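Topology and contacts: notes
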Amino acid sequence: QAQLVESGGGLVQAGGSLRLSCVASGRTFSTYIMGWYRQAPGKEREFVAGISSSGGYAYYADAVKGRFTISRVNANNTVYLQMNSLKPEDTAIYYCNTHPITRLNWGQGTQVTVSS
């Protein structure tokens, strides 16, 4: 089964930007619809953004629409999340996985902390 490795998180002030990356091992990445998810302290993991297998269609949770952009490069087995205009409520651990069914083992995630 493919392994997922997320990176790119960090500490940023409100209004700032970060770009997250998720690299998947294995040969079937290009066949998967991929998604980004996040889990804030004391809350359940939630969906953030998804992208079709070809990268031609993207969709977002209302909370991030207009601020976040998901993209992918299948040749590199990588999916990205560009996060702009960050808010303190975006603070969470961010994960990638397939969508809508999470078929792969979860990676360790990458911590995003937004200070006010």
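See the structure shown above.
These notes cover the structure that comes with them. Treat the numbers as computed from the prediction; the structure is a model and nothing was measured.

What follows concerns the state of the cysteines. Enumeration according to the criterion identifies 1 disulfide in this entry. The disulfide that involves cysteine 22 links it to cysteine 96, with 1.8 Å between the sulfurs. A residue pair is termed long-range when its members are at least 10 positions apart, and cysteine 22 in strand S3 (residues 18-24) and cysteine 96 in strand S9 (residues 92-98) qualify at 74 residues. The two residues cysteine 22 and cysteine 96 agree in class, both being buried.

Another aspect to go through is the sheet that holds S9. Across the sheet, which stays open at both edges, the 6 strands sit in the order S2-S10-S9-S4-S5-S6 with mixed pairing between neighbours. Strand pairing shows two members of the sheet lacking a second neighbour, strand S2 (10-13) and strand S6 (58-60), which therefore form its edges. The mean inter-strand angle of the sheet, taken between neighbouring strand axes irrespective of direction, is 25°. With 6 bridges joining them, strand S4 (residues 34-39) and S9 adopt antiparallel strand pairing. Counterpart to arginine 38 in the pairing with S9 is tyrosine 94.

A separate point is the pairing of strand S7 (residues 68-73). The side-chain alternation of S7 yields one buried face, formed by Phe68, Ile70 and Arg72, and one unburied face, formed by Thr69, Ser71 and Val73. Here 6 bridges tie S7 to strand S8 (residues 78-83), and the two strands are oriented antiparallel to one another. Across the sheet, residue phenylalanine 68 finds its bridge partner in S8, namely methionine 83. Hairpin remark: S7 followed by S8, antiparallel, with 4 residues in the connecting loop; positive phi at asparagine 77, about 50°.

In the segment running from histidine 99 into proline 100, the intervening peptide bond is cis, with an omega of 0°. Of note, proline 100 is situated in the loop between S9 and strand S10 (110-115). The phi angle at asparagine 77 is positive, at roughly 50°, despite the residue not being glycine. Take asparagine 77: it is sitting in the loop between S7 and S8. On the basis of relative accessibility, which here comes to 17%, the residue asparagine 77 falls in the buried class. Backbone geometry at serine 85 places phi at a positive 50°, although glycine is not the residue there. Among the secondary structure elements, serine 85 is positioned in the loop between S8 and S9. In this structure serine 85 comes out as partly exposed when scored by relative accessible area, which is 40%.

Here is what the cut-offs are and how they apply
- Residues numbered from 1 in each chain as written.
- Predicted model: local features only at pLDDT ≥ 70, side-chain atom pairs only at ≥ 80, totals over all residues.
- Heavy atoms only, no water.
- Disulfide = S-S within 2.5 Å.
- Helix = DSSP H or I, 4+ residues; strand = E, 2+ residues; numbered from the N terminus.
- Buried < 20%, exposed > 50% of the residue type's maximum accessible area, 1.4 Å probe, protein only.
- Pairing = 2+ DSSP bridges.
- Axes fitted to C-alpha atoms, helices over the stretch in contact; angles between N-to-C directions.

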